[in-house]
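Each chain, letter by letter, is given below.
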Amino acid sequence: MNRIKFQYIFFAFAIFLGATIFLLYHNFLETEKYIQKLILQEDLRELRQTTDNIKRHLLRIIPPHIDFYTYLQTHPDVYKDIQKDLELFIIDKYKFIYLLEPVDKDRFRFLVDTSRNDRASFGELYTPLEPQEYHTLSPHYFFHKELKNIWLTYINPVVEHGKIKALIVIDFSLEQAHLIEKSLKTLENFLSGLILFLSGLIAIMVLFAYFDYKRERKMVQAYEKLEKLNKELEHRVEEKIKELRKKDAIILNQSKLAAMGEMINMIAHQWRQPLNAISVSAINMQIEANMGLSNPQSIEENAKMIQQQAQLMSRVIDDFMDYARPEKKKERFDVKEMVEEVLKMIEPQLKNHNISIVLDLAHDLYIESYKKDLEHVLLNLLSNARDALDECGKEPKKIIIKAYKEKDRIKIEVKDNGCGIPKHIQERIFEPYFTTKEQGKGTGLGLYMSRKIVREKLKGDLFFESFDTGTTFIIEL
Amino acid sequence: MILLFVPLVLFAHIVGLKELVQTLFPLLVHKRIVKVYTSPSFFPLFDDNSTFVLVEECNQSDLVFGDINCSKPIFGLSYRFFSTHPNVIGAFYYRKGRPQLVIKMKSYEKYFGHLDPSLQRYAQ
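All figures in this text were calculated on a predicted structure; none of them were measured in a lab. (Residues numbered from 1 in each chain as written. Chains lettered and ligands numbered in written order. Predicted model: local features only at pLDDT ≥ 70, side-chain atom pairs only at ≥ 80, totals over all residues.)

> How should the overall build of chain A be read in this particular structure?
Tallying secondary structure elements over chain A gives 9 helices and 13 strands in all. Here chain A holds 477 residues, and the buried ones make up 22% of them. When contacts within chain A are restricted to residue pairs at least 6 apart in sequence, long-range pairs at least 24 apart make up 65% of them. (Helix = DSSP H or I, 4+ residues; strand = E, 2+ residues; numbered from the N terminus. Buried ≥ 20, exposed ≤ 12 C-beta atoms within 10 Å, placed from the backbone. Contact = placed C-beta atoms within 7 Å.)

Structure (C-alpha cells):
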C-alpha cells in the first residue's frame, strides 16, 4: 500500500515538474519577445537622437525659407562640409546615411550621401521600393520585407511650414539584432528540445509508474487473495491438527489397551508356573489329607510353597505395575540393567516359544532418559521379534540384544534370525494400524507408537535393517 | 558551397534582368525584334530569338547593352556612365540596394522619338 501512495506522490511530482517546465518555457518566450522589443526600442531611440542631431545641425547651417537643393547647389563648400559632418555619424550599424528631397510621388533626389560605397551624386534621382513610406511629416521607420528584413530604414523629415524640405534617411543594419535574435532562437530551440526530451521522459516515467501501479494493484489483490487463502488454509490445518490429535488420542488409548493386553498375557505367562506350583501344593495337601498322611510338617511345607509362589506372583504384579506407571521425569539409569528388567518380564514367554536370548550389553552404559518409555519400546520390539520368529518357523530361534555407544550416541539393537520383513511392506511398517499379524493378534500400533515415543519423547530415532537372514531394530539415543 | 552559391546568385540576377530587357527593349526601340550588341557575359540575357538578334559589330545594333563606348544608343548599367556618356538613352543599376531604371529623354528622343507612355515615369 505504501508503494501505491508513493506512486501518487510520483504522479503529483510529474505534474508539478511538467507545469514548471511549461511555465519556464512560457516565461522564456515572453522574455525573448521582450528582449527583441527592447533592442528595437533602443535602436529606434538611438536613431531618433542621431537624426535629430543631424536635423539641428542642418537647420543651423542652412538658412530658413530656402530650399536645400538650391542652397547646396549654390554653396558647394557647405555641401562638402555637410557631407563631411554626416560622415562622422557613420558606424557599422548605419549602412547608409543620406539626405533626400522629394521630387514627385515616386521619386526623390539625393542631396547628400555619406555612403562609403554606392555613393550617389548630388541631385541624382532615386526611386525607392516603398516611396509612400518617405512622405512623412514625423519620424518614421519601416522594415524591408523584400530584402529579408536585413535593414530598417529610418526617416526623419526636416519640415518647414508643413512642407518637407529634406528627409534624413538612415538604412539601419539589423545584423546585430538578428545575431541576438539568432542566439535567442538557438537558446529557444535548445530549451524546446530540452522540454521535449523532459516531456518524453516524464511521459515515459508516468507511463512506467502507471504500469507499475497496475502491477502493484494486481500484486496487492493477489496478496489479499493469498492471505485469505492462507487464513483458510490455516483454519483447515488447525481443524486437521485437532482431528489428528483426536486420532492420536484414540491411537494412544488403543495402544495402551494393546499394551495392557500384552501385559496381561505376560503376567499370565509369569503366573502359570507359580499357579502350577500352588496347584501342586494344594493337590499334595488334599491327597495327604485324604490318605490321612498329612502331618504338620508337610502342611507347613506346602503352605510355605504356596506362600512363596503367592509372593512370586505378587512380585510379578509389582513389576508390571511399576512398568505401567506413567513417568514424568527423566532419570539416570544403566542400559544393561534396564534391558535385564525388561527381559525379566518377557523371558518366560520367550522360553515358552523356544527362543533363546543372546545378550551383548556394554557395561556402565548410563543414560539420562525416560526409563519406562524405553522399556515399553524394548518390550514391544521383543514381542514383535517373538511373533516374527514364530511366523517364520526357522529353528533355532534366536534374539540378540546389543547395547553399545557409538560416536556419543547409545544404540540398542534387537536382532532376530527370522525371515526378514518383505520389501514391499518395509515402507509401511511404522504406519498406524498396519499389521501383518493375523486378525485379533496385532493392533498395528506397536511400531507406530514405539517410533513416536523414541522420536518425540526420547528425542532419538528408531529404524531397522532387514534381510532374508533376519531383522534388526535399532534404537538410537 | 561557395562555388555553388555564387552561380546561383548570378543566375538569379540574370533572370531578373532578362525579364526586364525582354519587356523594356522592344518598347524603347519600337521594334518587335531588337538587334543588340553587348559583351559576351550578357549573351544569356538575349537568348530569346523571337525578341533579340545579337550582332557582332556595335554599329549594326539597334541598342548597345552595357557600359560600352559606341556611337549607337546605349543602355548603360551604372549611373556614372548614364550621366556622362552622350549616347546613353537609359540605364539600369542598383542604388542603396534598390533597383533603379532611368531614361535620359534628351538622348532617347534623339534616337527613337517619343517615349512609350508606360515608361514616362522613368524619364529624366
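Next comes the rest of the account.
> Mind showing me how you'd approach the packing of helix 6 (residues 335-352) of chain A against helix 7 (residues 371-392) of chain A here?
Two packed helices can be described by the angle between their axes and the distance between those axes. All names here are of chain A. Two numbers describe how helix 6 lies on helix 7: the axes approach to 10 Å, and their chain directions differ by 30°. The handedness of the crossing between helix 6 and helix 7 comes out as right-handed. Of helix 7, the residues touching helix 6 (which contributes Met-338, Val-339, Glu-341, Val-342, Met-345, Ile-346 and Leu-350) are Lys-371, Leu-374, Glu-375, Leu-378, Leu-379, Leu-382 and Arg-386. (Axes fitted to C-alpha atoms, helices over the stretch in contact; angles between N-to-C directions. Left-handed = near helix turned anticlockwise from the far one by under 90°.)

> How should I be thinking about the environment of Asp-48 of chain B in this particular structure?
As for its position among the elements, Asp-48 of chain B is in the loop between strand 1 (34-38) and strand 2 (52-54). In the structure, Asp-48 of chain B is positioned 26 residues away from Gln-22 of chain B in sequence and 8.3 Å away in space, judged by C-alpha atoms.

> Would you take a moment to explain the interface of chain A and chain B for this structure?
By a widespread convention, an interface's size corresponds to the accessible area lost as its parts come together. Taken together, the 13 residues of chain A in the interface contact 10 residues of chain B. Across the side of chain A that touches chain B, the residue classes tally to 7 nonpolar, 2 polar and 4 charged. (Nonpolar A, V, L, I, M, F, W, Y, C, P; charged D, E, K, R; others polar.)

> Would you mind showing me how to read the sheet that holds strand 11 (residues 409-416) of chain A here?
Picture the strands of a sheet paired through backbone hydrogen bonds; they go either parallel or antiparallel. Residue and element names in this part refer to chain A. The 5 strands are arranged 8-10-11-13-12 in an open sheet whose pairing can be described as mixed. Sheet topology places strand 8 (355-361) and strand 12 (461-467) at the edges, where each strand pairs with a single neighbour. Here the strands of the sheet are splayed against their neighbours by 15° on average, with no regard to which way each runs. Summarising the sheet, strand 12 and strand 13 (residues 470-476) pair through 7 bridges and their orientation is antiparallel. Counted as the bridge partner of Leu-462 is Ile-475 from strand 13. Strand contacts of helix 6: strand 8, strand 10 (397-406) and strand 11, with the helix running at about 175° to strand 8, the strand carrying the most contacts. Contacts between helix 7 and the sheet are confined to strand 8, strand 10, strand 11 and strand 13, with strand 11 contributing the most and set at about 25° to the helix. (Pairing = 2+ DSSP bridges.)

> Looking at this structure, I do not really get the nonpolar core. What am I missing?
A general trend in soluble globular proteins is that nonpolar side chains are found buried together. All names here are of chain A. Counting residues in hydrophobic clusters, the biggest one holds 33 residues, and the most contacted among them are Val-342, Leu-378 and Leu-382. For this core, the secondary structure elements donating two or more residues are helix 4 (175-290), helix 6, helix 7, strand 10, strand 11, helix 9 (446-457) and strand 13. The element that contributes the greatest number of residues to this core is helix 7, accounting for 9 residues. In this structure, Leu-378 is in contact with Val-339, Val-342 and Ile-412, ignoring residues within four places of it in sequence. Counting 31 residues, the second-largest nonpolar core is a separate cluster that includes Ile-97, Ile-155, Ala-166 and Leu-174. (Core = buried A, V, L, I, M, F, W, Y, C linked by C-beta atoms within 7 Å.)

> Which parts of the structure should I look at to understand the sheet that holds strand 4 (residues 140-143) of chain A?
Ordered by their spatial adjacency, 6 strands build an open sheet running 3-2-1-6-5-4 (chain A), and the pairing between neighbours is antiparallel. At either end of the open sheet lies a strand with only one pairing partner, and these are strand 3 (125-126) and strand 4 of chain A.

> Please explain the packing of helix 7 of chain A against helix 9 of chain A as it appears in this structure.
Residue and element names in this part refer to chain A. At a minimum axis distance of 10 Å, the contact between helix 7 and helix 9 shows a crossing angle of 150°. The orientation of helix 7 with respect to helix 9, classified from their angle, is roughly antiparallel. Here helix 7 and helix 9 pass one another in a crossing that is left-handed. Listed contacts from helix 9 to Asp-373, His-376, Val-377, Asn-380, Leu-381 and Asn-384 of helix 7 are Gly-446, Ser-450, Ile-453, Val-454 and Lys-457. (Parallel < 35°, antiparallel > 145°, perpendicular 65-115°, else oblique.)

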